[in-house]
Amino acid sequence: AQSVTQLGSHVSVSEGALVLLRCNYSSSVPPYLFWYVQYPNQGLQLLLKYTTGATLVKGINGFEAEFKKSETSFHLTKPSAHMSDAAEYFCAVSEGNQGGKLIFGQGTELSVKP
Amino acid sequence: ETGVTQTPRHLVMGMTNKKSLKCEQHLGHNAMYWYKQSAKKPLELMFVYSLEERVENNSVPSRFSPECPNSSHLFLHLHTLQPEDSALYLCASSLGTSFLGETQYFGPGTRLLVL
């Protein structure tokens, strides 16, 4: 069955430090992969999405993610964290065997320390 | 209004009440979704509508009843809920109806508390 695992329910970094949020998926066919961000008291907002082609995907707010098929991973990174990056981040997968619907990971809460 | 809007933003109801959640999308999309977001759990897909026809019902209890009168509006009717139904209810929409790889656009959610 298709699934998404986000390693670490909570990640804390200092302002200016590298942000790395991990996501692994299980899929029997090439998937479409997403990262969404949820700020407090708001809905989910798309950060970036991988469909086909270039495996390094750039998104909004300086975030990027790399699709690594051999590792079944789609980790999210940002070189330098800002205080405004504090939020919850969700990885999601969409694949044909599941009717294309989005399957979400459990989320990772990112805290940024001054 | 732009994007996906939801009303009310907050709702407190007793277990015997009947209430409705409303979602409206201003994006010209053809598919709409209801999700439940509980603390410490992944988002749970509840219902999916494609061109106003329900195409998914993920074993949701009958005390939740969706309605999609047109492609821009989606309702979730609530009746005799339980305290464990307290959660954030998110509405989303997407342009296409194939679902595969479709970006979903989310509303801000309705925070529901059942007493």
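Described in the following lines is the structure provided in the data block. Along each chain, the written sequence defines residue order, and numbers are assigned to residues from 1. Chains and ligands are labelled sequentially in the order written, the chains with letters from A and the ligands with numbers from 1. Only residues with pLDDT of 70 or above have their local features reported here, since the model is predicted, and side-chain atom pairs are shown and tallied only from 80 upward, although totals for entire chains, interfaces and linings are computed over all residues. Derived side-chain values reflect all non-hydrogen atoms in the structure, with water molecules and hydrogen atoms excluded from consideration.

A cluster of nonpolar side chains, contributed by Val12, Leu113 and Leu115 of chain B, occupies part of the molecular surface with about 290 Å² of accessible area. For the purposes of this entry, the term helix denotes a DSSP run of H or I that reaches at least four residues, the term strand denotes a run of E that reaches at least two, and both are numbered from the N terminus. Note on placement: valine 12 of chain B falls in strand 2 (residues 10-13). Exposure above 30% relative accessible area and the lack of any salt bridge qualify a residue for a patch; like charges then connect within 9 Å, and the nonpolar side chains Val, Leu, Ile, Met, Phe, Trp and Tyr within 5 Å. Accessible surface area values rest on a Shrake-Rupley calculation with a 1.4 Å probe, where residue burial reflects the displayed protein chains alone. Salt bridge criterion: a side-chain nitrogen from Lys or Arg within 4 Å of a carboxyl oxygen from Asp or Glu.

This paragraph deals with empty space enclosed by the protein. Residues and elements named next belong to chain B. Note on definitions: the grid is 1 Å and covers protein atoms alone; a cavity is a set of points where a 1.4 Å probe fits but cannot get out; a pocket is an open set with protein on both sides within 12 Å along at least five of seven lines; lining residues have an atom within 4 Å of a point. Grid points are joined across faces, edges and corners, and a volume is the space filled by probe spheres set on the points. Counted according to the given criterion, the structure contains 1 cavity of 30 Å³ or more. In this structure, the largest cavity encloses a volume near 30 Å³. Around the largest cavity sit His29, Asn30, Ala31, Met32, Tyr49, Ser50, Leu51, Glu52, Cys68, Asn70 and Ser71, which together line it. All residues other than Ala, Val, Leu, Ile, Met, Phe, Trp, Tyr, Cys, Pro, Asp, Glu, Lys and Arg, Gly among them, are scored as polar; the first ten of these are nonpolar and the last four charged. Across the lining of the largest cavity, the residue classes break down as 5 nonpolar, 5 polar and 1 charged.

Here, residues are in contact when the closest pair of their heavy atoms is within 4.5 Å. With 20 residues of chain B at the contact, the number on the chain A side is 21 residues. At the boundary of chain B with chain A, total buried surface from both sides reaches about 1600 Å², with 60% on carbon and sulfur atoms. Of all residues in chain B, Leu100, Gly101 and Phe106 of chain B give up the largest surface area on contact with chain A, accounting jointly for 29% of the area buried on that side. Inspection of the region where chain B meets chain A yields 0 salt bridges. In protein, a polar contact requires one atom able to donate a hydrogen and another able to accept it; more generally it is a pair of N or O atoms within 3.5 Å, and residues adjacent in sequence count only if both atoms are side-chain atoms. At the junction of chain B and chain A, the tally comes to 6 residue pairs in polar contact (both at pLDDT 80 or more). Taken together, the elements giving at least two residues each to the side of chain B that touches chain A come down to strand 4 (31-37), strand 5 (44-50) and strand 9 (87-94) of chain B. In terms of residue class, the side of chain B that touches chain A is made up of 11 nonpolar, 6 polar and 3 charged. Summed over both partners, buried area is the accessible surface (1.4 Å probe) that two parts give up on being assembled.

All names here are of chain B. Buried, partly exposed and exposed residues are distinguished by accessible area as a fraction of the type maximum, computed with a 1.4 Å probe on protein chains only: under 20%, between the cut-offs, and over 50%, respectively. In strand 11 (residues 110-114), alternate side chains face the same way, and those of Thr110, Leu112 and Val114 are buried while those of Arg111 and Leu113 on the opposite face are not. Two strands are counted as paired when DSSP detects at least two bridges linking them. Bridge count between strand 9 and strand 11: 3 bridges; the pairing is antiparallel. Within strand 11, the position partnered with tyrosine 89 by the bridge is threonine 110.

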